[in-house]
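In case you want the letters, here they are:
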Amino acid sequence: MKLQYLGHASFRIISEMGTTVVCDPYDGKMTGFEMARVRCDVVTVSHHHGDHDCMDAILGNPAVLDEVIACAADDIAVESYATFHDDVKGAKRGANLVFSFLVDGIKVVHMGDIGCFDEEIVNKIKGCDVLLLPVGGTFTVDAKGAKWYVDGVCPRIVVPMHYKTDEHSFNVDGVDVFLSQFDEADVTCSASDTLTLFDAPDNEKTRFITLQRFKD
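Given the structure is predicted, the values throughout are model-derived calculations rather than measurements.

What counts and how
Residues numbered from 1 in each chain as written. Predicted model: local features only at pLDDT ≥ 70, side-chain atom pairs only at ≥ 80, totals over all residues. Heavy atoms only, no water. Phe/Tyr/Trp six-rings, centres within 6.5 Å; stacked < 30°, edge-to-face > 60°. Buried < 20%, exposed > 50% of the residue type's maximum accessible area, 1.4 Å probe, protein only. Helix = DSSP H or I, 4+ residues; strand = E, 2+ residues; numbered from the N terminus. Lys NZ or Arg CZ within 6 Å of the ring centre and 35° of its normal. Contact = heavy atoms within 4.5 Å. Pairing = 2+ DSSP bridges. Axes fitted to C-alpha atoms, helices over the stretch in contact; angles between N-to-C directions. Polar contact = N/O pair within 3.5 Å; in protein donor to acceptor, adjacent residues only side chain to side chain. Salt bridge = Lys/Arg side-chain N within 4 Å of Asp/Glu carboxyl O.

Visitor: Tell me what's going on with the packing of aromatic side chains, and back it up with residues and numbers.
Guide: One pass over the full model with this rule turns up 9 aromatic pairs. Arranged with centres 4.8 Å apart and planes meeting at 35 degrees, the rings of Tyr5 and Phe11 form a pair that is tilted. Considered together, Tyr5 and Phe11 belong to a single accessibility category, that of buried residues. Judged by centre distance (5.9 Å) and plane angle (70 degrees), the rings of Phe178 and Phe208 are edge-to-face. Residue Phe178 is located in helix α4 (residues 175-179), and its partner Phe208 is located in strand β16 (residues 207-210); the two are separated by 30 residues in the primary sequence. A relative accessible area of 0% means that Phe178 is categorised as buried. Each residue in the set Phe117, Trp148 and Tyr149 is aromatic and connected to the rest through ring pairs, giving one cluster. For the cation-ring pair, Arg12 lies above Phe214, with the distance from its terminal atom to the ring centre recorded as 5.4 Å.

This is the structure:
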């Protein structure tokens, strides 16, 4: 399995067989930078805000999943769970979907713009292999809220997303605020835009990996 970071809260998941899923494609007018144009079989949308549901950079004619669902995209199993974008049951920012993918025996969970503390979601995704987690606050859980999910879910790997970079035109916290809560030895700042896993990781302690933005 390959996990490619497209920037902001968007990732491309590629199975060994070549099935490709893009999560939460974004509008560059909202983020301040353009998303690379990519081809995929499926697009998942956690919620309908422009920085999570923009199809402008998506090539081809993929299926779009934007509701609670359990299905298969060739060799990738997809399941989604209803949550909220805020801590008042959606009254401020609406609903949010958490998507879980089983790819080549590896469970990857994309949290979307989760903005609440949801014990039910924690129980559903507990022990996942890779957790794609918003950490910037303001529009999602903040660094402390993201740590609450790490402590509850106990994933093997966390890849932070939805945090402030030099490119972003809106203001949320940077990733360092989140990472500073953990041991430096457990943090890897990768020079690559892609995380490749041949098997499910077996590390006992959670690892944190930041990826560069794919720009090609």
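From this point, the narrative continues.
Visitor: Lay out the environment of Val150 with the relevant residues and their values.
Guide: Structurally, Val150 can be placed in helix α3 (residues 143-153). Looking at Val150, the relative accessible area reads 5%, which means it is buried. Distance from Val150 to Leu65, taken between C-alpha atoms, is 26 Å for residues 85 residues apart in sequence. Setting aside chain neighbours within four positions, we find Val150 in contact with Leu133, Pro155, Val158, Phe178, Phe182, Thr206 and Phe208.

Visitor: Describe the sheet that holds strand β10 (residues 95-103), naming the residues involved and giving the relevant values.
Guide: Strand-to-strand pairing in sheets goes through backbone hydrogen bonds, with the strands running parallel or antiparallel. The 8 strands are arranged β8-β9-β10-β11-β12-β13-β16-β14 in an open sheet whose pairing can be described as mixed. Edge positions in the open sheet fall to β8 (70-73) and β14 (187-189), since each of these has one partner strand only. With strand direction ignored, the average angle separating the axes of adjacent strands in the sheet is 25 degrees. In this structure, β8 lies alongside strand β9 (residues 76-84), joined through 4 bridges in antiparallel fashion. In the strand pairing of β9, Ala73 is matched with Ile76. Strand contacts of α3: β12 (130-134), β13 (157-161) and β16, with the helix running at about 160 degrees to β12, the strand carrying the most contacts.

Visitor: Can you explain the side chain of Arg213? Please cite residues and give values.
Guide: With respect to the secondary-structure elements, Arg213 resides in the segment after β16. Polar side-chain contacts of Arg213 include one of 2.7 Å to the side chain of Glu167. In this structure, Arg213 is in contact with Tyr5, Leu6, Gly7, Tyr26, Phe33, Glu34, Glu167 and Asp193, ignoring residues within four places of it in sequence.

Visitor: Which residues make up the pattern of salt bridges, and what values go with them?
Guide: Within the structure shown, the criterion is met by 6 salt bridges. We note a salt bridge from Glu167 to Arg213, for which the minimum N-O separation is 2.7 Å. Of this pair, Glu167 sits in the loop between β13 and α4 while Arg213 sits in the segment after β16; the two residues are 46 residues apart in sequence, bridging distant segments of the chain. On the basis of relative accessible area, Arg213 is assigned to the buried category, the value being 17%.

Visitor: Outline unusual backbone geometry, listing residues and values.
Guide: Phi angles above zero are rare outside glycine, and Asp24 is one such case at about 50 degrees. If you trace the backbone, Asp24 turns up in the loop between β3 (20-23) and α1 (28-31). Assessed through its relative accessible area of 1%, Asp24 is described here as buried. With a phi angle near 55 degrees, His162 is a residue other than glycine that sits in the positive phi range.

Visitor: Hey, could you go over the sheet that holds strand β15 (residues 194-196) for me, with residue numbers and the actual values?
Guide: Within the open sheet, the 6 strands sit side by side as β7-β5-β3-β2-β1-β15. Their pairing is mixed. With partners counted over all chains shown, the strands left at the sheet margins are β7 (63-65) and β15, one partner each. Mean inter-strand twist for the sheet, computed between neighbouring axes without regard to direction, equals 20 degrees. Where strand β2 (residues 10-14) lies against β3, 4 bridges are found, and the strand directions are antiparallel. Along β3, the bridge assignment pairs Phe11 with Cys23.

Geometric values such as these leave the question of function open.
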